[in-house]
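Structure at a glance
One letter stands for each residue in the lines below.
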Amino acid sequence: MQDRSITERVYTYCLAQNMDDGWAEEDQHANFQKLLEIATFARHPLKGASVLDVGCGTGDLVEVLQEHGIQEYLGIDLVKPSIGLARTKHPQHVFEEADFLEFELNQPYDFVLASGTLALRLETDNYAVMEALIEKMWESARHGVAFNFLSPKHEGQTDDALFLYEIDRILSFCRKAATGAAVEHQLNHAGADSQFLQAHVYLSRTGR
């Protein structure tokens, strides 16, 4: 509950500052384009696909997905103001105000995507929540999962508000939890003055 309160407080502040999801528009768009590379790794087109957007914020990813001709979309986020704005901005799509880890899906989706979903430092164990998220996303995907996270640029680097994950630890868990998955990742710099690394991880069922 404390984690939810932290998330709601931060993103409500961002909304008040006209930063809908806490990201600069240019950075957000670049992150979206990186995530969509899952279609290449999974060898399955986005056109005609169903997509689950975990931690969807105000739903801006759906605009990019529409350009690729997706057939079905569901966005899930636990921040009420973000979901309210998403429904206003994209009334033709479905958005659910819910905790993804507790939400019961009616079906699997071709792709499950999560951009910046666990960027904040939580009161509980960030790694435990991230691992649970990865496991459920993989279980919910027919063809592939793509997500991103921030990582330290140098040893010992931390941040008061953001959580910086160790890349090798996350990749190791992916290989354990996503049985049979092909695991790929890419890195880029992120944040003001490029002070962090950002990892984009792709899990695909290429054998199907």
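Quick summary incoming for the structure in this document. Just so it is clear, the model here is predicted, and its values are computed rather than measured. (Residues numbered from 1 in each chain as written. Predicted model: local features only at pLDDT ≥ 70, side-chain atom pairs only at ≥ 80, totals over all residues. Heavy atoms only, no water.)

1. Section: the pairing of strand β5 (residues 141-151)
- Counting buried residues along β5, ten of its eleven residues qualify, which places the element largely inside the surrounding structure.
- Relative to β5, strand β4 (residues 109-114) runs parallel, the two being bridged by five bridges. Among the inter-strand pairings, Phe111 is bridged to a residue of β5, identified as Gly144.
- Crossover connection from β4 via helix α6 (residues 126-139) to parallel β5: handedness right-handed.
- Here β5 pairs with strand β7 (residues 196-204) via eight bridges, running antiparallel. By the bridge assignment, Ala146 is partnered in β7 with Tyr202. (Buried < 20%, exposed > 50% of the residue type's maximum accessible area, 1.4 Å probe, protein only. Helix = DSSP H or I, 4+ residues; strand = E, 2+ residues; numbered from the N terminus. Pairing = 2+ DSSP bridges. Right-handed = clockwise from strand over helix to strand, strands pointing away.)

2. Notes on helix α7 (residues 167-177)
- Along α7, the residues that are buried comprise Ile167, Ile170, Leu171, Phe173, Cys174 and Ala177. Projected down its long axis, α7 shows its buried positions confined to an angular sector of 160 degrees, all on one face. In α7, the exposed positions angled more than 90 degrees off the buried face are occupied by Asp168, Arg175 and Lys176.
- In this structure, the buried side of α7 is in contact with α6, β5, β6 (182-190) and β7. (Arc of directions from axis to C-beta. Contact = heavy atoms within 4.5 Å.)

3. Description of the packing of α6 against α7
- Look at α6 against α7: their axes get within 10 Å of each other, and the N-to-C directions meet at 40 degrees. Classified by the angle between their axes, α6 and α7 sit oblique to one another. As α6 runs across α7, the sense of the crossing is right-handed. The segment α6 lies against α7, with Tyr127, Met130, Glu131, Ile134, Glu135 and Trp138 engaging Arg169, Ile170, Phe173, Cys174 and Ala177.
- Of the residues that constitute the contact of α6 with α7, the class distribution is eight nonpolar, no polar and three charged. (Axes fitted to C-alpha atoms, helices over the stretch in contact; angles between N-to-C directions. Parallel < 35°, antiparallel > 145°, perpendicular 65-115°, else oblique. Left-handed = near helix turned anticlockwise from the far one by under 90°. Nonpolar A, V, L, I, M, F, W, Y, C, P; charged D, E, K, R; others polar.)

4. Let's talk about the sheet that holds β5
- Read from one edge of the open sheet, seven strands run β3-β2-β1-β4-β5-β7-β6, paired in mixed fashion. The open sheet has two edge strands with one neighbour each: β3 (94-97) and β6. Within the sheet, the average angular offset between the axes of one strand and its neighbour, ignoring direction, is 15 degrees.
- The sheet contact formed by strand β1 (residues 50-54) and strand β2 (residues 72-77) spans five bridges and is parallel.

5. Section: α6
- Taking 1.5 Å per residue, 14 residues should reach 20 Å; α6 reaches 20 Å between its end C-alpha atoms and fits that length.
- Against the buried residues of α6 lie β1, β4, β5, α7 and β7.
- The backbone nitrogen of Tyr127 has a side-chain oxygen 2.9 Å away, supplied by the residue at the start of α6, namely Asp125. (Expected span 1.5 Å × (residues − 1). Polar contact = N/O pair within 3.5 Å; in protein donor to acceptor, adjacent residues only side chain to side chain.)

6. A look at the nonpolar core
- With 35 residues, the main nonpolar core has Leu52, Met130, Met137, Phe147, Phe149, Ile170 and Leu203 as its most contacted residues.
- Those elements that place two or more of their residues in this core are β1, β2, β4, α6, β5, α7 and β7.
- When residues no more than four places from it in sequence are discounted, the contact partners of Ile170 are Tyr127, Met130, Ile134, Phe147, Phe149 and Tyr165.
- Counting 23 residues, the second-largest nonpolar core is a separate cluster that includes Ile38, Ala49, Val64 and Phe95. (Core = buried A, V, L, I, M, F, W, Y, C linked by side-chain atoms within 4.5 Å.)

7. Remarks on the packing of aromatic side chains
- Throughout the structure, instances matching the rule amount to seven aromatic pairs.
- With centroids separated by 5.7 Å and ring planes inclined at 70 degrees, the aromatic side chains of Phe149 and Tyr165 adopt a geometry described as edge-to-face. In this pair, Phe149 sits in strand β5 while Tyr165 sits in the loop between β5 and α7, placing the two residues 16 residues apart along the sequence.
- We classify Tyr165 as buried; its relative accessible area is 0%.
- A centroid spacing of 4.7 Å and a plane angle of 70 degrees characterise the contact between Phe163 and Tyr165, whose relative ring orientation is edge-to-face. Neither residue differs from the other here; Phe163 and Tyr165 are each classed as buried.
- These aromatic residues form a ring-pair network of at least three members: Tyr127, Phe147, Phe149, Phe163 and Tyr165.
- Lying over the aromatic face of Phe100, Lys136 brings its terminal NZ or CZ to 4.8 Å of the ring centre.
- Taking NZ or CZ as reference, Arg169 lies 3.7 Å from the ring centre of Tyr127, over its face. (Phe/Tyr/Trp six-rings, centres within 6.5 Å; stacked < 30°, edge-to-face > 60°. Lys NZ or Arg CZ within 6 Å of the ring centre and 35° of its normal.)

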